[in-house]
Amino acid sequence: MEIVKNEQDYGMFDWYKKVLTENYANFSGRARRSEYWYFVLTNILVIIGLYVVVILGAVADIPAISAIGGGLVVLYALGTFIPGLAVAIRRLHDTGKSGAFILLAFVPLISLILIVFYATEGDKAKNEYGEDPKQVIV
């Protein structure tokens, strides 16, 4: 029997798992701040862990460990690129912005506005991208 958790009870890894499994390449709809920021935080922690393997291999002068760690970093980055892009676009949708705003990431300094968009509370009601993800569906 599978226990179904309410999103209000989700922890960091629940949000991360939701992005990677349920919404892997879902570019439509909306994403709460929790979903976006917990995914980003978990990504950072995993990448730091993988880089520790690379550094330990370099410090211990064991190139094979560094190469394996580096390979894992690349595989992980490739595997999480699409869901990371998808959750970022859904987060923009939650604030009423088009996913095209993601292109601001390529403009130096102006790209910082994306952090403001990602941190801004989403629209409280339905917007052109869907229902409020914080609404409880009965």
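See the structure printed just above.
Bear in mind that the values here come from a model prediction, so they are computed numbers and not experimental data.

A.B. asks: Any chance you could break down helix 1 (residues 12-21) for me, citing the residues and the numbers?
C.D. replies: All buried positions along helix 1 are accounted for by Met12, Asp14, Trp15, Tyr16, Lys18 and Val19. At its buried positions, helix 1 is contacted by helix 2 (33-59) and helix 3 (63-94).

A.B. asks: Give me the layout of surface pockets: which residues, what numbers.
C.D. replies: Approximately 500 Å³ is the volume attributed to the largest pocket. Taken together, 22 residues line the largest pocket, and the ones lying closest to its centre are Tyr36, Gly84, Leu85, Ala88 and Ile102. Mapped onto the lining of the largest pocket, the elements with two or more residues apiece are helix 2, helix 3 and helix 4 (113-119). Counted by class, the lining of the largest pocket contains 18 nonpolar, four polar and no charged residues.

A.B. asks: Account for the side chain of Asp14, with residues named and values stated.
C.D. replies: Position of Asp14 relative to the elements: it lies in helix 1. At 2.9 Å, the side chain of Asp14 and the backbone nitrogen of Gly11 are in polar contact. Contact partners of Asp14, with chain neighbours within four places excluded, come to Lys5 and Asp9.

A.B. asks: Provide a residue-level description of helix 3, including the pertinent values.
C.D. replies: Helix length check: helix 3 (32 residues) gives 45 Å between terminal C-alpha atoms against 46 Å at 1.5 Å per residue, within 8%. The largest bend along helix 3 reaches roughly 40 degrees and is located at Phe81, with the proline Pro83 sitting one to four residues downstream. Where helix 3 ends, the next residue or the one after it, Gly96, has phi of about 80 degrees, a positive value.

A.B. asks: Summarise the packing of aromatic side chains; cite the residues concerned and give the values.
C.D. replies: Two measures describe an aromatic ring pair: the distance that separates the ring centres and the angle between the ring planes. A complete count under the given rule lists five aromatic pairs for this structure. Here the aromatic rings of Tyr16 and Phe39 are separated by 5.5 Å at their centres, their planes lie at 20 degrees, and the arrangement is stacked. Placement of Tyr16 in helix 1 and of Phe39 in helix 2 is noted, with a sequence separation of 23 residues between them. A relative accessible area of 12% means that Tyr16 is categorised as buried. Between Tyr36 and Trp37, the aromatic rings sit 4.9 Å apart at their centres with planes inclined by 80 degrees, giving edge-to-face as the arrangement. Assessed through its relative accessible area of 10%, Tyr36 is described here as buried. Over the ring of Phe117 we find Lys97, and its NZ or CZ is 4.7 Å from the ring centre.

A.B. asks: Lay out the nonpolar core in plain terms, naming residues and giving numbers.
C.D. replies: Judged by nonpolar contacts, the single largest core of 16 residues is most densely connected at Val87, Leu92, Ile102 and Tyr118. Where this core is concerned, the elements lending two or more residues are helix 1, helix 2, helix 3 and helix 4. Here this core takes six residues from helix 3, the largest share from any one element. Beyond its immediate stretch of four places on either side in the chain, Ile102 contacts Leu85, Ala88, Ile89, Leu92, Leu114 and Tyr118.

A.B. asks: Lay out the packing of helix 2 against helix 3 with the relevant residues and their values.
C.D. replies: Their axes nearest at 8 Å, the elements helix 2 and helix 3 cross at an angle of 170 degrees. Overall, the two elements helix 2 and helix 3 adopt an arrangement that is roughly antiparallel. Its residues assigned to classes, the contact of helix 2 with helix 3 shows 17 nonpolar, eight polar and four charged.

The rules behind the values
- Residues numbered from 1 in each chain as written.
- Predicted model: local features only at pLDDT ≥ 70, side-chain atom pairs only at ≥ 80, totals over all residues.
- Heavy atoms only, no water.
- Buried < 20%, exposed > 50% of the residue type's maximum accessible area, 1.4 Å probe, protein only.
- Helix = DSSP H or I, 4+ residues; strand = E, 2+ residues; numbered from the N terminus.
- Contact = heavy atoms within 4.5 Å.
- 1 Å grid on protein atoms, 1.4 Å probe; cavity = no way out; pocket = protein on both sides within 12 Å on 5 of 7 lines; lining within 4 Å.
- Points joined across faces, edges and corners; volume = space filled by probe spheres on them.
- Nonpolar A, V, L, I, M, F, W, Y, C, P; charged D, E, K, R; others polar.
- Polar contact = N/O pair within 3.5 Å; in protein donor to acceptor, adjacent residues only side chain to side chain.
- Expected span 1.5 Å × (residues − 1).
- Bend = angle between axes of the 7 residues up to and from the residue.
- Phe/Tyr/Trp six-rings, centres within 6.5 Å; stacked < 30°, edge-to-face > 60°.
- Lys NZ or Arg CZ within 6 Å of the ring centre and 35° of its normal.
- Core = buried A, V, L, I, M, F, W, Y, C linked by side-chain atoms within 4.5 Å.
- Axes fitted to C-alpha atoms, helices over the stretch in contact; angles between N-to-C directions.
- Parallel < 35°, antiparallel > 145°, perpendicular 65-115°, else oblique.

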